[in-house]
Amino acid sequence: MAVGTDKAKVKKESGHTFTFEGRSKSTNQAVKGDVVARNEREAREKLMRKGIQIISIVRIKKTRAKKITQGDVTVFARQLATMMKAGLPLLQAFEIVAKGHSNPSMTKLLMDIRGDIEQGSAMSKAFAKHPKYFDKLFCNLVAAGEEGGVLEDLLDKLATYKEKTESIKKKVKSALTYPTMVIVVAVGLIVLMMMFVLPSFKSVYEGMGAKLPWLTQKLMDISDFFVARPLFLPNGLWIVAIFVGLILVFLHFNRTSPSFHKRVDAAMLKFPIFGDIIQKAAIARWGRTCATLFTAGVPLVEALDSVAGASGNVIYEEATQKIRGQVAQGISLTASMLGTQLFPNMFMQMASIGEESGSLDDMLNKAAGYYEEEVDTAVANISSLMEPIIMVVLGGIVGVILVALYLPLFNLGNVVG
């Protein structure tokens, strides 16, 4: 028997939440639950009035709710699979994982799902009510596990899949983030020098009465432009504001306009150096997702529907929908993939071998592993090459500015003479 907390009452009452275990005096059955009170003494009094003999009572520390990430979902899938493999009943395993989670938002989400399951809903349908956190792929795998009686195995496979795909996402982001951040810092440094450092030197040179070298004069002209106030702000701050505004507009349209997002994804695939990494990452995720679903016994046509959404690139998503349509008409997967011209020859050959030998899931997993390693190597190589290149570029910019600033000092002796 369990005593739950009335959510409506909890919202109205102020105080701390205490979790308790005890025994009902009327039925002599074990009870547990939560109670809200200003302190432990008041909590004990409330429980005694309800006829509960307290065995233990602990105050629940309030923690700040955080955004639920895919990392939280991955940890949940792994922990739930482990609990179920250990022989714990599903609802008990759900409760242990939920209450043991460090993120209160995730705890609340899991307890809501547990409530749906307890009322008789299938687990896959309970997850499907929260598409923001559990996508179609997740729900399809859970449904396949429920139908085949191998839920814990598929949850384990799902956790492994999410770990690998999240890892490759982070690597691609790190490859793109590092040079972007350096460019932003470089732009900020140049603006600061133009607006605050060069004007100080200009006043010193004007006091000397020396004729400025060509390079110094050009920098001073640029500095004058940055400091000038045609409106209520200096031009330098307007440049920064426009730069930030363009980034925000780009992000807004990329998030809200499907056609713009498609053009961006297409351009990213053709981008020098980074485009190759993005393409290999998309192919690795495509292969890993398809293999995971196929292993779970999901029919290929249905699996491709989930693969499209998990590819991470609109170009590959649309191509996958075309492949799905052709496979539904009886065309082989390899022949359908060939028509998109998006998959490398090696990936196509491995998929073809898998189809012919009846081990498509195994071959796609191997192909995905190969391209994941390719992404790892490419990111490592870019990181090692970008650092010296960026240092040389930044050093060159700062060096030119410093040389331009100190050139007039070299002519100071001629002016005095």
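Residues numbered from 1 in each chain as written. Predicted model: local features only at pLDDT ≥ 70, side-chain atom pairs only at ≥ 80, totals over all residues. Heavy atoms only, no water.

Student: Teacher, can you tell me more about the overall build of the protein chain here?
Tutor: In terms of regular secondary structure, the protein chain is built from 18 helices and 3 strands. Radius of gyration (C-alpha) of the protein chain: 31 Å, far over the 22 Å computed for a compact globule of 417 residues. Taken over the C-alpha atoms alone, the protein chain extends approximately 110 × 70 × 35 Å along its principal axes. A total of 417 residues make up the protein chain; the buried ones form 38% of that total. Pairs at least 24 residues apart make up 60% of the contacts formed inside the protein chain by residues separated by at least 6 positions. Total accessible area on the protein chain is roughly 23600 Å²; 61% of this is exposed by carbon and sulfur atoms. Between the mean site of the 49 positive side-chain charges and the mean site of the 38 negative ones, the protein chain shows a separation of 8 Å. (Helix = DSSP H or I, 4+ residues; strand = E, 2+ residues; numbered from the N terminus. Rg over C-alpha atoms; globule rule 2.2 N^0.38 Å. Buried < 20%, exposed > 50% of the residue type's maximum accessible area, 1.4 Å probe, protein only. Contact = heavy atoms within 4.5 Å. Areas by Shrake-Rupley, 256 points an atom, 1.4 Å probe, with all protein chains shown as cover. Lys, Arg positive; Asp, Glu negative; His and termini not counted. Charge placed at Lys NZ, Arg CZ, Asp CG, Glu CD.)

Student: Help me understand the nonpolar core in this model?
Tutor: General note: in soluble globular proteins, nonpolar side chains tend to be found buried as a group. Residues Phe 76, Phe 127 and Trp 286 are the most contacted members of the largest nonpolar core, which totals 79 residues. Not counting chain neighbours up to four residues away, the residues in contact with Phe 76 comprise Phe 94, Val 97, Met 106, Leu 110, Phe 127, Phe 134 and Phe 138. If you look at the next biggest cluster of nonpolar residues, it comprises 13 residues, including Met 194, Met 195, Tyr 205 and Ile 401. (Core = buried A, V, L, I, M, F, W, Y, C linked by side-chain atoms within 4.5 Å.)

Student: Explain helix 13 (residues 300–310) to me, please; I cannot follow it from the model alone.
Tutor: Residues spaced three or four apart along an α-helix face the same direction, because each turn holds 3.6 residues. Turning to helix 13, its buried residues number three or more, namely Leu 300, Ala 303, Leu 304, Ser 306, Val 307, Ala 308 and Ala 310. Looking one or two places after helix 13, you find Gly 312, whose phi comes out positive at around 85°.

Student: Is there a simple way to explain the pairing of strand 1 (residues 16–24) in this structure?
Tutor: Regular strands place their side chains on alternate faces of the sheet. For strand 1 and strand 2 (residues 30–37), the ladder comprises 8 bridges, and the chain directions are antiparallel. The residue bridging Thr 19 from the neighbouring strand is Asp 34, located in strand 2. Between strand 1 and strand 2, which pair antiparallel in sequence order, lie 5 residues; one of them, Asn 28, sits at a positive phi of approximately 60°. Here strand 1 pairs with strand 3 (residues 52–59) via 7 bridges, running antiparallel. Looking at strand 3, one finds that Phe 18 is bridged to Arg 59. (Pairing = 2+ DSSP bridges.)

Student: Is there a simple way to think about the sheet that holds strand 2 in this case?
Tutor: By definition, the strands of a sheet pair up through backbone hydrogen bonds, in either a parallel or an antiparallel sense. Here 3 strands make up an open sheet; going across it, the order is 2-1-3 and the pairing antiparallel. The open sheet has two free edges, formed respectively by strand 2 and strand 3, since each of these has just one partner strand. Here the average twist between neighbouring strands, direction ignored, is 30°. On the sheet, helix 2 (residues 40–49) packs against strand 1, strand 2 and strand 3 and is oriented at approximately 150° with respect to strand 3. (Axes fitted to C-alpha atoms, helices over the stretch in contact; angles between N-to-C directions.)

Student: When you look at the pattern of salt bridges in this model, what are you seeing that I'm missing?
Tutor: Close approach of charged atoms allows side chains with opposite charge to pair. Under the counting rule described, the total for this entry stands at 16 salt bridges. Note that Arg 114 is salt-bridged to Glu 95, the shortest N-O span being 3.5 Å. Of this pair, Arg 114 sits in helix 5 (residues 104–118) while Glu 95 is found in helix 4 (residues 90–99), placing the two residues 19 residues apart along the sequence. Across the pair, exposure class does not vary: Arg 114 and Glu 95 are buried alike. (Salt bridge = Lys/Arg side-chain N within 4 Å of Asp/Glu carboxyl O.)

Student: How should unusual backbone geometry be read in this particular structure?
Tutor: Excluding glycine, a negative phi dihedral is what most residues carry, and trans is how most peptide bonds are arranged. The phi dihedral of Asn 28 falls on the positive side, at around 60°, and the residue is not glycine. Note that Asn 28 resides in the loop between strand 1 and strand 2. Of the residues examined, Asn 28 reaches a relative accessible area of 52% and is grouped as exposed. Positive phi is not limited to glycine here, since Gln 341 has a value of about 55°. Note that Gln 341 resides in the loop between helix 15 (333–338) and helix 16 (345–357).

Student: What's the story with the confidence of the model for the protein chain in this structure? I'm lost.
Tutor: Of all residues in the protein chain, 93% have pLDDT values of 70 or greater, and the mean over the chain is 82. Here helix 1 (residues 7–12) stands out as the least confident element of the protein chain, with mean pLDDT 41; helix 14 (residues 314–328) is the most confident, with 90. (pLDDT = per-residue confidence, 0-100.)

Student: Help me understand the packing of aromatic side chains in this model?
Tutor: Two aromatic rings, taken as a pair, are described by how far apart their centres are and by the angle between their planes. This model, assessed by the stated rule, comprises 18 aromatic pairs. When the ring of Trp 286 is compared with that of Phe 347, the centres are 6.0 Å apart and the planes differ by 75°; the resulting orientation is edge-to-face. Of this pair, Trp 286 sits in helix 12 (residues 274–295) while Phe 347 sits in helix 16, placing them 61 residues apart in sequence. Taking the relative accessible area as the measure of exposure, Phe 347 reaches 0% and is therefore buried. Aromatic rings pair up to connect Trp 286, Tyr 316, Phe 343, Phe 347, Tyr 370 and Tyr 371 into one cluster. (Phe/Tyr/Trp six-rings, centres within 6.5 Å; stacked < 30°, edge-to-face > 60°.)

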